[in-house]
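Observations on the three-dimensional arrangement
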Amino acid sequence: LGRLFYPDYIQAQDDSESFAFSIQYQAGKDQSIRQHTDASSLTLNINLNLPDGDDFSGSSLYFVNPATGKRELVNFAPGVAVIHRGRIPHAALPIESGERTNLVLWLFGKDGQSGFFPYKPEERMSPEERWTKPEKDLNEVFDKWSPF
């Protein structure tokens, strides 16, 4: 998928491994995810809500245009899939009512690397490490932890 949609950025070695997880947004609980980049070369994010019955409001996505810095808002309707490069900053705005469930698939190279934008050795983490809440102080220069 990465090489199909982003051939200038993603090479054969950049999408050889994957990591999948789900996220559930609920009003009054896990409402949003702050702006972040993913630990992937390519991210596939699917809204698993059913078009008839799984109602929610709010919870749009935005992506930051790297050339302009402008936020581009995306209505993430039930059944919609969004594919993007992992290094593009993005966020999920707060859900206002209901619930939204997503299935997220990250594609990346060996040891979580991407040839176009490799992590520095001190920033490298497995997807499991990156998405585990740290037990140490988050006031680091490089914020490499999960965005929630």
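Residues numbered from 1 in each chain as written. Predicted model: local features only at pLDDT ≥ 70, side-chain atom pairs only at ≥ 80, totals over all residues. Heavy atoms only, no water.

1. Re the pairing of strand β9 (residues 95-108)
The line we're drawing: Paired strands are those between which DSSP finds at least two bridges. Helix and strand definitions follow DSSP, with helices as H or I runs of at least four residues and strands as E runs of at least two, each counted in order from the N terminus.
Of the strand pairs in this sheet, strand β1 (residues 17-26) and β9 are connected by 10 bridges, and their pairing is antiparallel. Its bridge partner lying in β9, S22 is registered against L103. Relative to β9, strand β3 (residues 42-47) is paired through six bridges, and the arrangement is antiparallel. Residue pairing in the sheet places N47 in a bridge with N102 of β9. The pairing of strand β4 (residues 56-58) with β9 spans three bridges and is antiparallel. The partner of F56 across the bridge, within β9, is G98.

2. Description of the nonpolar core
So the rule is basically this: Joining through side-chain atoms within 4.5 Å is the link that ties buried Ala, Val, Leu, Ile, Met, Phe, Trp, Tyr and Cys residues into a set, and such a set is a nonpolar core. Whether a residue is buried, partly exposed or exposed follows from its accessible area with a 1.4 Å probe, protein chains only, as a fraction of its type maximum: under 20%, in between, or over 50%, in that order.
In terms of nonpolar packing, the biggest core is built from 17 residues, with F21, I23, Y25, L61 and W106 touching the most fellow members. Within the residue set of this core, elements represented by two or more residues are β1, β5 (61-64) and β9.

3. Some words on the packing of aromatic side chains
We count it as follows: Stacked, edge-to-face and tilted labels apply to pairs of Phe, Tyr and Trp rings (six-membered ring for Trp) whose centres lie within 6.5 Å, assigned for plane angles under 30 degrees, over 60, and everything in between, in that order. Whether a charge sits over a ring depends on NZ of Lys or CZ of Arg being within 6 Å of the ring centre and within 35 degrees of the ring normal.
If you walk through the whole model with that rule in mind, you get three aromatic pairs. Judged by centre distance (6.0 Å) and plane angle (40 degrees), the ring pair of F19 and W106 falls under tilted. With F19 in strand β1 and W106 in strand β9, the pair connects residues that are 87 residues apart, well separated along the chain. Judged by its relative accessible area of 18%, F19 is buried. The class of W106 is buried, set by a relative accessible area of 0%. With centroids separated by 5.2 Å and ring planes inclined at 80 degrees, the aromatic side chains of F21 and W106 adopt a geometry described as edge-to-face. On the criterion of sequence distance, the pair formed by F21 in strand β1 and W106 in strand β9 is long-range, its members being 85 residues apart. Neither residue differs from the other here; F21 and W106 are each classed as buried. Among the aromatic residues, those joined into a cluster by ring pairs are F19, F21 and W106. The ring of Y9 is capped by R85, whose NZ or CZ atom sits 3.7 Å from the centre of that ring.

4. Points about the confidence of the model for the chain
What counts, and what does not: Values of pLDDT, which run from 0 to 100, indicate the predictor's confidence residue by residue. Residue contacts follow a heavy-atom distance rule, with two residues in contact if any of their heavy atoms lie within 4.5 Å.
Counting all residues, the mean pLDDT for the chain is 80, and 75% of those residues have values of 70 or more. Of the regions scoring below 50 in pLDDT, residues 140-145 engages in 16 contacts with residues more than four places distant in sequence or in other chains.

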